[in-house]
Structure formats: structure tokens, C-alpha cells
Amino acid sequence: MTVTVRFAPSPTGHIHIGNARTALMNWLFKLKHGGRFILRYDDTDTARSREEYAEGIARDVAWLGIVPDLVARQSDRLDKYAEAAERLKAAGWLYPCYETAEELELKRKILLGRRLPPIYGREALRLSAKDRFRLEAEGRKPHWRFRLPNSGDDPFKPERTEIHWNDLARGKETVDLASLSDPVLIREDGGFLYTFTSVVDDIDLAVSHIIRGGDHITNTGVQMAIFRALGAEPPGFAHHNLLTDASGEGLSKRTGAMSIHSLREAGYEPLAVAAFAVLIGTSENVAAPNSLAELAGHFDLDETSRSAAKFDAGDLARLSAHVVHGLAYETVADRLAGLGVDPARAASFWQAVRGNCDHVADAAQWWRIVAMGPEPRPGLSAEDADFVRTAFAQLPPAPWGEGTYAAWIEKVKTATGRKGKALFLPLRTALTGLASGPELADLLLLLGPEGIQARRP
Ligand code: GLU
């Protein structure tokens, strides 16, 4: 079987790390098994969908390293939904209902008042053709519900009807169709709802596996019934556990918290965000891989736990910093050039400073120090300034190389009798204006004889 997976966000906000988890789990599945990855915009909710969000999602997905094989939009596919809806109507799967939202709410309250589950009682099925004619003459327009296959001949007596599937993440799952209301698939204004459009697309685009969050488990029971009503075998399903913040709150596109966009702006590394999004709440250690392919190699859907996974934003910051410390020069060359680092010195510069950068952008500060010297001038005591002058006078003549630093420090020790912090701190302060930073040996070579003498106190 050719694997086809899809990530199907609604473009109603910026995607957050929980959405990225879904996107990446699909992408890693495709990397592992081959096949296709579809980015599908579920944009039938025209009131809330916005082009700028769709563009933002495309950018975020690309930043994470995902390259869709196909991009689809539900708003381009309305004729497919209309055609499928006609088929379901003709086969009696869809039936027209005329209740207003207020009437439905009242029915719900009555059922709850009687301590009954608030399930729609299919009253609309009792309407005769005449009733419907009268209602439509009053100006009412129908919405259409899908009649869940949960009863024998009498639709008013639903019976326990279990839908089973072997969830690739959670194992055996069951939904009882008698515990649910017949879902509305077509709104009064003729608009199609996600529950339906998603199935039509998944059939049409030959989706083989639906990998999504655990908040869709009930939908899966309903959608499997819709697949079958449309004459298709349902695909495989996996429902991963959701992410919550440290206080146990779920994430929402509306609040913008932990959005991929904000993490990118804050300078996090995409690989760190990807590893964090995928591995948290699994049995794998949250460690940084060198590539998404490597991440795919040590992640399996069945390693996700069933309960929600709490994340700690501090852990992400640490993971991202760890990734930056190990980034090879080639992977950051463009970004360093963008920060104004001289390409001729950029490779050795990065080698020297990467361990002191939590974000690649932090290199800008180090480049300023290397290229222009510490600003403001380092405050050294008269005694330390004297020591630094003596130390600089011991510098060996050019050319400098590997052994220069060790030889120099030996000479400084002998000449001044200083060692340890009393020796290194004033030197570092004179060179960088800071109390910590890159290895002095690396700095020495980066700055060169001229750069060092320019820092003579
Ligand atoms: N648009 C749906 C969502 O964002 C897609 C769910 C699915 O993957 O089917 O929740």
C-alpha cells in the first residue's frame, strides 16, 4: 500500500507546538514508510479562515523542515462535497432537519433535566413531506444530519453499536455510535462541515493513514461510519496524546501561546522545536537529532502515552541552546552572513563562539566584540591593567598557530607569577569586556596580533 498522510489545519490562527506535533508525526511517518504528505487547508469555515493564516502555516511547516507533496484547499473542492452529499441524500444517509439553534438548546436542556444524555432524538425523521413543505413555506431552510448506523429498523431505538479500530498510537479503540447525536454535515446555509468534507477528501486523495490528536477520537467513530456510507473502507488511524502547558492548560490557536511563528521569532532552532514537539510525552528521551530523518528513525507512534503530555517551555529553551552549540558552520553560514559576520573569518569565528550562543543570533554580539572591541571599555583595576600590558608584551611574534596560546600563557605565568582566575579573568576582560565567553585560545587566533594590541589597556 502506498502511504498517504495529511496534515489538515484550519487556517484560523497561527499553528502552535501541538499542531506541529501532528504535522511532524505525519511527516515522520512518511519519511519512514515512503509515500506522500498532503498539506490540506480545512477552510470551509469562511467566517474564521484567513489567507494570512494559510500563508503563515505554509511558512511554519516549511521552517520545521516539512515539504508537502501536495497542497489542497477545501474551498477549492466544494463540487466534490456537493456530489458526495447528493449520493448520501439519495441513499437516505442524510435527512433534513429544521430545528433552530434555540429549539435544539431547549431539547438539550429538557433531556439534561431528566438526567438523560443530550442526544438528538431524530425528531426530524418523523416529519412528513407535508410538514417539510409547510416549514419551508415558512422560510425555514434545512440543515442535514447523517443518520448514524446505530439502530435496527426503528431509528428511535438506538442500540449499542461499537465501532472498533486498531489505533496505531493507542491500540484497540472503541466508540459506541448510540452514545452520539447524528452529526450535522450540511448547515442551513448549504455550507459543508468538517466532519464530512474531511472524509470526502480523505477518500478522494487516497489518504492511507489519518494521524491526528486524541481530541478527534469520537470523530473517528462517526467518520468511519461516513467512510462506509460513501462506499469506502476507512484508512488506518492514529491519535496521539495532546500537549498541555505546565499548568495543564491545552493550547489554542487563538491565544497564540507557543505558536511556531513566535518560537521562530524568538530564535529557536527548528530541529529542537521539532524534536521537542514530537518526543515529549513519549517513551523516548527528548534529545536533539541531527535531522528529521534521524528523528523518524527513533520514533514510533505507539511510543506516545495515552495521557496528555505537559511541556515545560524551559526544556525547549535548553534543547534549542544545546542544538545551537553543536551546529556545524555550513548550516549557519547564511545566517552569520546575515548578521554581518565577515565570511573570511566566519568559520573559525563560529567554531569559537557557538558554545556561548543559545540562539544563532547571539553570534551578533560576539561578532561586534571580535570586530570592534568591547564597548564600553572594560573597567580593569590599575594593577590588572598593568598585568595585562605585561602579558601582551609576552605575545610571541606572528605567525600564530595551534601552540601559540599555551606557549604564551606559560610565558605570562613565569613573567608575572599569576595563575588561575587572577591570570585569566583580566585577560578575558581586556579582550571581551565580559567575565565569560569563548575559549581564550580561540579568541587569540580570531583577533590576531593587531586585534589583541588594539585592546591594550
Ligand atoms: N481541521 C481539523 C483540525 O484542525 C483536522 C482534523 C483531522 O486531521 O482530521 O482539527
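To keep things clear, this report deals only with the structure shown in the data block.

Conventions and cut-offs
- Residues numbered from 1 in each chain as written.
- Predicted model: local features only at pLDDT ≥ 70, side-chain atom pairs only at ≥ 80, totals over all residues.
- Heavy atoms only, no water.
- Near = heavy atom within 4 Å.
- Polar contact = N/O pair within 3.5 Å; in protein donor to acceptor, adjacent residues only side chain to side chain.
- Areas by Shrake-Rupley, 256 points an atom, 1.4 Å probe, with all protein chains shown as cover.
- Nonpolar A, V, L, I, M, F, W, Y, C, P; charged D, E, K, R; others polar.
- Salt bridge = Lys/Arg side-chain N within 4 Å of Asp/Glu carboxyl O.
- Buried < 20%, exposed > 50% of the residue type's maximum accessible area, 1.4 Å probe, protein only.
- Helix = DSSP H or I, 4+ residues; strand = E, 2+ residues; numbered from the N terminus.
- Pairing = 2+ DSSP bridges.
- Axes fitted to C-alpha atoms, helices over the stretch in contact; angles between N-to-C directions.
- Contact = heavy atoms within 4.5 Å.
- Core = buried A, V, L, I, M, F, W, Y, C linked by side-chain atoms within 4.5 Å.

### Here we look at the site of the ligand
Right, so step 1: Residues in close proximity to the ligand include R6, A8, S10, D42, Y194, S198, R212 and H216, which together make up its full environment.
Right, so step 2: At a separation of 2.7 Å, an oxygen atom of the ligand approaches a polar side-chain atom of R6.
Right, so step 3: For the ligand, the accessible surface in isolation is 290 Å², of which the surrounding protein chains cover 81%.
Right, so step 4: Within the shell around the ligand, the residues separate by chemical class into two nonpolar, three polar and three charged.

### Details of the pattern of salt bridges
Right, so step 1: Considering all chains together, one arrives at 35 salt bridges under this definition.
Right, so step 2: In this structure, the salt-bridge partner of E233 is R228, at a minimum N-O distance of 3.9 Å.
Right, so step 3: According to the relative accessible area criterion, E233 is exposed, its value standing at 62%.
Right, so step 4: Accessibility expressed as a relative area gives 42% for R228, which makes it partly exposed.
Right, so step 5: Among the ionic pairs, D386 bridges to R389, the shortest N-O distance being 3.2 Å. One end of the pair, D386, and the other, R389, are both in helix α15 (residues 382-393), three residues apart, so they sit about a helical turn from each other.

### Describing the sheet that holds strand β5 (residues 143-146)
Right, so step 1: The strand order β4-β5-β8 describes an open sheet built from three strands, whose pairing is antiparallel. Across the chains shown, the open sheet's two edge strands, defined by having one partner strand only, are β4 (94-97) and β8 (184-186). The sheet shows a mean angle of 45° between the axes of neighbouring strands, taken without regard to direction.
Right, so step 2: Taken together, the four bridges between β4 and β5 define a ladder with antiparallel strand orientation. From the neighbouring strand, P96 faces β5, where its bridge partner is W144.

### A word on the environment of V5
Right, so step 1: Summarising the element assignment, V5 is placed in strand β1 (residues 4-7).
Right, so step 2: Put simply, V5 and F29 are 24 residues apart on the chain and 7.9 Å apart in space, counted from C-alpha to C-alpha.
Right, so step 3: Not counting chain neighbours up to four residues away, the residues in contact with V5 comprise N26, F29, K30, R36, F37, I38, H209 and I211.

### Here's the deal with the nonpolar core
Right, so step 1: In terms of nonpolar packing, the biggest core is built from 87 residues, with I17, L24, V273, F349, W350, W408 and L427 touching the most fellow members.
Right, so step 2: If one sorts the elements of this core by residue count, helix α9 (residues 270-279) sits on top with nine residues.
Right, so step 3: The contacts of L24, once residues within four sequence positions are left out, are L64, I66, A274, A277, V278 and L292.
Right, so step 4: Counting residues in hydrophobic clusters, the runner-up holds 33 residues, among them Y81, L88, I210 and F227.

### Topic: the side chain of T244
Right, so step 1: For T244, the position within the fold is in strand β11 (residues 243-244).
Right, so step 2: What makes T244 buried here is its relative accessible area of 9%.
Right, so step 3: When residues no more than four places from it in sequence are discounted, the contact partners of T244 are E249, G250, A308, A309, K310 and F311.

### Comments concerning the pairing of strand β7 (residues 171-176)
Right, so step 1: By the bridge criterion, six bridges tie strand β6 (residues 162-167) to β7 in an arrangement that is antiparallel. Bridge pairing links I163 to V175 in β7.

### Quick word on the environment of G92
Right, so step 1: Relative to the elements of secondary structure, G92 occurs in the loop between α3 (78-90) and β4.
Right, so step 2: Between the C-alpha atom of G92 and that of E173, which follows or precedes it by 81 residues, the distance is 28 Å.

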